[in-house]
Amino acid sequence: MTALTGLKVVDFSKFLPGPYCTWLLADLGAEVIRIENPRELAKQRKVFGWDKLSDEENARLRAHDILARGKKSVLIDPGSDDGREAILKLIDQADILVEDYRPGVMASMGYGWPEMAARNKRLIYCSVTLCGQTGPYARKPGHDPVALAIAGALSRMGEDPDRPAFPGVPVADLLSGSNAVIGILAAVIARATTGKGQQVDIAMSDASLALIGNILSRNPDLSKAPPKGMHRADSGIWRCADGEWLVTTDMEPRYWRSFVETIGLPDLADKQMDRANWPAMKNRIAQVMATKPRAEWLAILDAAGTQFAPILTVAEAMENEHNHARGMILDLPAPGGGTVRHTGCPIRLSDTPAAPAAVARPAGADTAAVLATLGYTAAQAAALEGQLP
């Protein structure tokens, strides 16, 4: 048994925050039924050239999609009358609905929150959008960097104090997807008392505001906040003699002392908070770190017990012994033989652990089976997919 066994999710999401949310729910045991629009899939395949691939090639490509793992795929046009009827039947039986359209789009298709709540009073309806369901920016289009910009977080990213920088990874997307899971599970707990579902309104801009919490907490007068970038000497990214990189974060005094003594700069031990000399101190440390290859420094710092890590590439992270020991690197069977590499579930439970399911199956692979539970025949299911001969 897994933690969320028995929960049924209807998933309309397409962009990163929503699929990340439902991926976590699926790994934790919920039954996630992914609604896929055949018209949208056809456009996508044409844009990326996937329409020229064989069914086998498309199946293997699909298997690489980590966020589609463990979800059932139902191929239905949610805008068609027949498709809408089938989807409404699924929603009637669902515990949770997740969508990431701009406000108003779901309602225009006939799946708005008030209407769905009237049909299924226990439904938890989660909407993940750029700026939420209310406010002057509610209908604003955009992706991750726009949310970070609105929250003030993008202004603090990067080392250059004179200009902002892209973070390089989808920070707002994944933070919003995690918040969606938290909101959904909080609503599930509340429903056990009230018997009623509710709407969960997740805005990427809201989620991104958490990223500036430490700036607000440490700087009551924001006009005096220090410029962005890591200016402290006790933390840094250092290039080694072989061109490889490592990072250190020896901010506690005892770690700082151990670090500078270990690398041969003991005179810096009592100067940790000498702000005026931070640039010169960092320059001295950088010169020392450039004298040995990374592997040698890793052994030296490990023996000293300081705070450090090699800066791994994505490929190196996939082979890292700790990531493997934690079960975070999975090699799952792929269509046609062999395996595809996935990341594991980041939520670890002692009694009801996550159970990552098989790789994503081709679009529509579960249409007939899922619709059969609603009384549809195989021919009716095929007609909804637009696949009748």
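In short, a report on the structure. (Residues numbered from 1 in each chain as written. Predicted model: local features only at pLDDT ≥ 70, side-chain atom pairs only at ≥ 80, totals over all residues. Heavy atoms only, no water.)

### Comments concerning the overall build of the protein
When you go through the protein residue by residue, the secondary structure sums to 17 helices and eleven strands. Structurally, the protein occupies a C-alpha span of about 80 × 50 × 45 Å along its principal axes. Taken over 389 residues, the protein has a buried fraction of 40%. Contacts in the protein between residues at least 24 apart in sequence constitute 69% of all its contacts with a sequence separation of at least 6. Accessible surface for the protein amounts to roughly 20,000 Å². Of this, 57% is attributable to carbon and sulfur atoms. If the 42 positive side-chain charges of the protein are averaged to one point and the 45 negative ones to another, these points end up 3 Å apart. (Helix = DSSP H or I, 4+ residues; strand = E, 2+ residues; numbered from the N terminus. Buried < 20%, exposed > 50% of the residue type's maximum accessible area, 1.4 Å probe, protein only. Contact = heavy atoms within 4.5 Å. Areas by Shrake-Rupley, 256 points an atom, 1.4 Å probe, with all protein chains shown as cover. Lys, Arg positive; Asp, Glu negative; His and termini not counted. Charge placed at Lys NZ, Arg CZ, Asp CG, Glu CD.)

### Notes on the pairing of strand β5 (residues 124–129)
The side chains of a regular strand alternate between both faces of the sheet. Across the six residues that make up β5, a large majority, six, are buried. Judged by which residues are buried, β5 turns out to be covered on both faces: I124, C126 and V128 on one side and Y125, S127 and T129 on the other are all buried. In this sheet, β5 lies alongside strand β4 (residues 96–99) in parallel orientation, the contact comprising four bridges. Counted as the bridge partner of L97 is Y125 from β5. (Pairing = 2+ DSSP bridges.)

### Things to note about a nonpolar patch on the surface
Together, I237, W245 and I311 make up a nonpolar patch on the protein surface, roughly 280 Å² of accessible area in all. Topologically, I311 is positioned in the loop between β9 (308–310) and α14 (314–319). (Patch = residues over 30% accessible without salt bridge, like charges linked within 9 Å, V, L, I, M, F, W, Y side chains within 5 Å. Salt bridge = Lys/Arg side-chain N within 4 Å of Asp/Glu carboxyl O.)

### Considering the environment of T2
Position of T2 relative to the elements: it lies in the segment before β1 (8–11). Measuring from C-alpha to C-alpha, the distance between T2 and C126 comes to 22 Å, with 124 residues separating the pair along the chain. If sequence neighbours within four positions are ignored, T2 has contacts with L28, G29, T352, P353 and A355.

### Regarding the pattern of salt bridges
Any two side chains of opposite charge can pair, given that their charged atoms come close. Per the stated rule, a full pass over the model turns up 21 salt bridges. We note a salt bridge from R294 to E244, for which the minimum N-O separation is 3.7 Å. A residue pair is termed long-range when its members are at least 10 positions apart, and R294 in helix α13 (residues 294–304) and E244 in the loop between β7 (235–239) and β8 (245–249) qualify at 50 residues. D267 is the salt-bridge partner of R284, the closest N and O atoms lying 2.8 Å from each other. Taken together, the positions of R284 in helix α12 (residues 278–289) and D267 in the loop between α11 (253–262) and α12 put the pair 17 residues apart, joining distant regions of the chain. Classification of D267 by relative accessible area gives partly exposed; the value is 37%. Each of R34, E36 and R62 takes part in a single network of salt bridges with overlapping partners.

### A short note on the sheet that holds β9
Spatial strand order, β7-β8-β9: three strands in an open sheet with antiparallel pairing. Strands at the two margins of the open sheet, each flanked by one partner only, are β7 and β9. Strand-to-strand twist in this sheet, taken as the mean axis angle between neighbours without regard to direction, amounts to 15 degrees. Here β7 runs beside β8; their pairing, made up of five bridges, is antiparallel. Opposite S235, over in β8, you have T249 as the bridge partner. On the sheet, α12 packs against β7 and β8 and is oriented at approximately 40 degrees with respect to β7. (Axes fitted to C-alpha atoms, helices over the stretch in contact; angles between N-to-C directions.)

### Focus on the side chain of S127
Tracing the backbone through its elements, the reader meets S127 in strand β5. Ignoring any residue separated from it by four or fewer positions in sequence, one finds S127 in contact with E99, Q133, Q199, V200, D201 and I202.

### Brief notes about the environment of K72
Mapped onto the fold, K72 is located in strand β3 (residues 72–75). Given a relative accessible area of 32%, K72 falls into the partly exposed group. Setting aside anything within four residues of it in sequence, one finds K72 in contact with E31, V32, I33, R34, D366 and V370.

### What about the side chain of K8?
Turning to its location among the elements, K8 is positioned in strand β1. It is E31 that comes nearest to the buried, bridge-free K8 among opposite-charge side chains, at 4.2 Å. Once residues within four sequence positions are removed from consideration, K8 is found in contact with E31, I33, Q93, A94, D95 and I96.

### Topic: the packing of aromatic side chains
A full pass over the atoms with the stated rule returns five aromatic pairs. For the pair F12 and Y111, a centre-to-centre distance of 5.3 Å together with 45 degrees between the ring planes defines the contact as tilted. Residue F12 is found in the loop between β1 and α1 (17–27), and its partner Y111 is found in the loop between α5 (105–108) and α6 (113–119); the two are separated by 99 residues along the sequence. F12 gets classed as buried once you look at its relative accessible area, which sits at 2%. The class for Y111 is buried, based on a relative accessible area of 0%. Positioned above the aromatic ring of Y101, the side-chain terminus of K14 is 3.5 Å from the ring centre. Seen from the ring of W297, K292 lies directly overhead, with NZ or CZ sitting 5.8 Å from the centre. (Phe/Tyr/Trp six-rings, centres within 6.5 Å; stacked < 30°, edge-to-face > 60°. Lys NZ or Arg CZ within 6 Å of the ring centre and 35° of its normal.)

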